[in-house]
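# Close look at the chain arrangement
So you can see what is in the structure, the chains are spelled out below.
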Amino acid sequence: MEVFFQQLINGVSLGSLYALIAIGYTMVYGVIRLINFAHGDVMMVSTYLAFFALTGFSLLGSFIPQMSWYFSFPITIFLTGALGYLIERLAYRPLRGAPRISALMTAIGVSFLLENLVLVIFGGRPKGFPTPDAFAGVFYIKGVALPSLSLWIFGITLTFLGATFYLVYRTKSGIGMRAISRDFETPQLMGIDVNRIISLTFIVGSALAAAGGIMWAMRYPQINPFMGIMPGIKAFTAAVLGGIGNVVGAAIGGLILGIIEISFVAIFPDSAGYRDAIAFFILIFILLFRPSGIMGERLPE
Amino acid sequence: MEREKIINTAATVLSLLALTGLLKWASSYESPYIVQILNTTAIYIILSTSYNLVNGVTGQFSLGPNAFMAIGAYTSALLTMTPDEKEITFIIQPIISPLDKIAIPFLPSLLIGGTIAALFAFFIGFPVFRVRGDYLAIVTLGFGEIVRVFATNAISITNGSLGLKGLKQYTNIWWSWGWAVFTVFCLVGIVESSYGRAMKAIREDETAAQAMGINVFRYKMLAFIISAFFQGIGGGLLAHLLTTIDPKLFTFFFTFNLLIMIVAGGLGSMTGSIIGAVIFAWGSELLRWVEEPHQIAGIFIPGIPGMRMVIFSLILILIMIFFRKGITGRWEFSWDWVFSRFGWKRKIKIEKAHD
């Protein structure tokens, strides 16, 4: 029983991170039908931003001292949102009328550009991520270890999910997003500024990825330029599992994926090397039996 | 009509003979470095043209070539290695039976490698093509990672992260260019047939194609499987050219390079893919310059690893935004075009009108 609760806590905290990243995928896909391959790499860039904010760095000859986490993390989330805006503005908007495959290829290009820019600027050697003291430490409840980081992850994820749901389902911009995901042309006739809504989608998605990325870096405290690929693929799987385009579905899909992955490792510890393969088999399985996902609408076959 | 067909065939045969002569001259007089690049060029042509069949001609976005190459490379390498070589190579765990006793010649090993890659393509394509959407991209991307995970972890088959070493260098200029010519002929044959027209119809408008009675699932699947077969062959050739393979060789970088070749050459055009492959093979050798240390005007610039990939990804994004047609657009090379350049008038073929 203790083992069960222990793994459940691990699974939920991993799943929360997938959920945060998956929402960015699902929102962008819902609005402009683009698999944003660069999303995982945006997350990776956010971990580097947080790393430099926490440890201090020199910029243009002047040294910027290290900042405490309650300054560093909001700044990181803000800057990553700005990065999302820049990517959309520079790389995706010029392709708005182009065939879908062109936008996908550009997304791959952006993904590679981010990975290799970080590699060129900061080097390929993994960096140890300095976890602030506020996130370290473990509580024990009846023999079950409850890392305070897991509590943070759960709390922050719930806060951000709540904010996102409010944005999507209770604000005018949210109505705009949902309208565009139904039909791209008609909302423009209704006076909705489509470009503004799409930019907002990218900003929100990237900010959520930054929140997920920071906590990812504290959970697995090592960052490198290619760390975003695997979480990216898995979060996309979570989005498809929940029903792509559906924000609630992405959150549920993320949690389910996290729990399945942790239970696999717990049940078959010898095959832990294959844990990255699970998301892939789940993806294939969903496409075979329920392509619309848990919460999604039926897709035409 | 018959006369023109004979002249076209003669022109093709003559240019193949010219290519043969050129390769013979190159392999006997030039340095091993040039021969190596020539071999790479041929393998790139195989990979890019077959990749183009899925991404360019059929309009489905696959990211799987690196996975199919890995499958082809490992299969053919395991089949050509002699039992003694396997015993020396597999030091962590012995290789599983019956692979430990098998050793077959190069050509059948390539064909088996290609066939197994095609088989995997079938199992991936089946769930993906049943649904509409861009799932192929993410599923093939995931598949590439899975192949890497298995190549690293299934030690009794793949020797894990140590890889397979000391393969015999079977691939020479004749094998690689022979396969390149064969691949191009096969693929051009497919593109110019009714199969190719069905694939192009799917690319332009899936719903309309379906309404015209085209079995969309079947043609997507066919393109994907054929492409995977040739990518498996390309992987086998590459394995026996480099003589060493390990899981790190077949990362997503390879697929990304192929993507640049077909996009720069002209998405959907086989001529474009060939031009893209040739430019990439030689251009990426020249671009090694940016990763080496230099002394320019008295200033020392250290080598920057990864700079080439930054340049490549910028090239890809810029091509997609400003120059989406690539070098050739959808134009294809034909002898009719060559002769018309020399003012030799020919009957205009009606079937050419569709492009």
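Our subject is the structure listed above.
For the structure given in this document, a descriptive report is provided here. None of the values given here were measured: they were computed from a predicted structure.

Attention now moves to the overall build of chain B. Within chain B, the regular secondary structure consists of 15 helices and two strands. Against the globule reference of 20 Å for 355 residues, chain B gives a C-alpha radius of gyration of 21 Å, in line with a compact fold. Dimensions along the principal axes, computed over C-alpha positions, put chain B at roughly 65 × 60 × 40 Å. Within chain B, the fraction of its 355 residues that count as buried is 51%. Taking the contacts inside chain B whose residues are at least 6 apart along the sequence as the reference set, 80% of them involve residues at least 24 apart.

Residue and element names in this part refer to chain A. Scanning the entire structure with this criterion turns up eleven salt bridges over all chains. Salt-bridge contacts for R93 lead to E88; the nearest nitrogen and oxygen are separated by 3.3 Å. Just as R93 is buried, E88 falls in that class too. You can call E88 buried: its relative accessible area is 0%. Residues participating in the shared-partner salt-bridge network are K234, E261, R275 and D276.

Taken together, the contacts link 45 residues of chain B with 45 residues of chain A. Here chain B meets chain A over a buried area of about 4000 Å², counting both sides, of which 80% is carbon and sulfur. At the boundary of chain B with chain A, the tally comes to zero salt bridges. At the surface where chain B touches chain A, the tally comes to one residue pair in polar contact (both at pLDDT 80 or more). When residues of the side of chain B that touches chain A are traced back to their parent elements, those giving at least two are helix 5 (106–130), helix 6 (135–153), helix 12 (252–265) and helix 14 (307–322) of chain B. With twelve residues, the top contributor of residues to the side of chain B that touches chain A is helix 6 of chain B. Each residue belonging to the side of chain B that touches chain A can be placed in one class, and the counts come to 32 nonpolar, eight polar and five charged.

Enumeration according to the criterion identifies five cavities of 30 Å³ or more in this entry. Considering only enclosed or pocket space, the largest cavity measures out at about 130 Å³ in volume. Together, 15 residues line the largest cavity, and F37, D41, S111 and I229 of chain A together with L141 of chain B are the ones closest to its centre. If you list the elements that add at least two residues to the lining of the largest cavity, you get helix 2 (39–55), helix 4 (100–122) and helix 9 (229–242) of chain A together with helix 6 of chain B. A total of four residues in the lining of the largest cavity trace back to one element, the largest contributor, which is helix 4 of chain A. Considered as a void within the structure, the second largest cavity measures approximately 40 Å³ in volume. Among the residues forming the lining of the second largest cavity, the class breakdown is seven nonpolar, one polar and one charged.

Each value, and the rule that gives it
Residues numbered from 1 in each chain as written. Chains lettered and ligands numbered in written order. Predicted model: local features only at pLDDT ≥ 70, side-chain atom pairs only at ≥ 80, totals over all residues. Heavy atoms only, no water. Helix = DSSP H or I, 4+ residues; strand = E, 2+ residues; numbered from the N terminus. Rg over C-alpha atoms; globule rule 2.2 N^0.38 Å. Buried < 20%, exposed > 50% of the residue type's maximum accessible area, 1.4 Å probe, protein only. Contact = heavy atoms within 4.5 Å. Salt bridge = Lys/Arg side-chain N within 4 Å of Asp/Glu carboxyl O. Buried area = accessible area lost by both parts, 1.4 Å probe. Polar contact = N/O pair within 3.5 Å; in protein donor to acceptor, adjacent residues only side chain to side chain. Nonpolar A, V, L, I, M, F, W, Y, C, P; charged D, E, K, R; others polar. 1 Å grid on protein atoms, 1.4 Å probe; cavity = no way out; pocket = protein on both sides within 12 Å on 5 of 7 lines; lining within 4 Å. Points joined across faces, edges and corners; volume = space filled by probe spheres on them.

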